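If you want the building blocks of each chain, they are given just below.
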Amino acid sequence: MPQCVVVAGGLGTRLSTSGITTPKLLLEVNGKTLLSIIVNEIVVEGYTKILFCLGFESEQIIAAIKELNVQ
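Let me sum up the structure you'll find in this document. (Residues numbered from 1 in each chain as written. Predicted model: local features only at pLDDT ≥ 70, side-chain atom pairs only at ≥ 80, totals over all residues. Heavy atoms only, no water.)

### Remarks on the nonpolar core
Residues C4, V6, A8, L25, L26, L35, V39, I42, F52, I61 and A64 constitute the largest nonpolar core, which totals eleven residues. Where this core is concerned, the elements lending two or more residues are β1 (3–8), α2 (34–44) and α3 (58–67). Residues contacting A8, with those up to four places away along its chain left out, are L25, C53, L54 and G55. (Core = buried A, V, L, I, M, F, W, Y, C linked by side-chain atoms within 4.5 Å. Buried < 20%, exposed > 50% of the residue type's maximum accessible area, 1.4 Å probe, protein only. Helix = DSSP H or I, 4+ residues; strand = E, 2+ residues; numbered from the N terminus. Contact = heavy atoms within 4.5 Å.)

### Examining α2
Within α2, the full set of buried residues consists of L35, S36, V39, N40 and I42. Along the long axis of α2, the arc covered by the buried residues comes to 160 degrees, so they all point the same way. Elements that come into contact with the buried residues of α2 comprise β1, β3 (32–33), β4 (49–54) and α3. In the segment just after α2, G46 is the residue with positive phi, at about 100 degrees. (Arc of directions from axis to C-beta.)

### Some thoughts on unusual backbone geometry
Look at N30: it is not a glycine, yet its phi comes out positive at around 50 degrees. Tracing the sequence through the fold places N30 in the loop between β2 (28–29) and β3.

### Section: the layout of surface pockets
In this structure, the largest pocket spans a volume of roughly 180 Å³. Here the lining of the largest pocket is composed, by residue class, of eight nonpolar, six polar and one charged. (1 Å grid on protein atoms, 1.4 Å probe; cavity = no way out; pocket = protein on both sides within 12 Å on 5 of 7 lines; lining within 4 Å. Points joined across faces, edges and corners; volume = space filled by probe spheres on them. Nonpolar A, V, L, I, M, F, W, Y, C, P; charged D, E, K, R; others polar.)

### Here's the deal with the environment of I20
Examined against the element boundaries, I20 turns out to sit in the loop between α1 (13–16) and β2. Excluding anything up to four places from it in sequence, I20 contacts L15 and L27.

This is the structure in structure tokens:
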């Protein structure tokens, strides 16, 4: 069972100086969150377990993880 770790515990201070308060994983690129893009790529590579190391705004990210439709 291949496992993968996603480290996403930063405060996003570089983005916050630009007025962005959304956690980086929840930012959208071409209509998809970075979280969904990353998770889909991890699954495509064959990983079956993903461990998220979260910090800042972890509640928002956990809620988004629960809503993911992994392909």
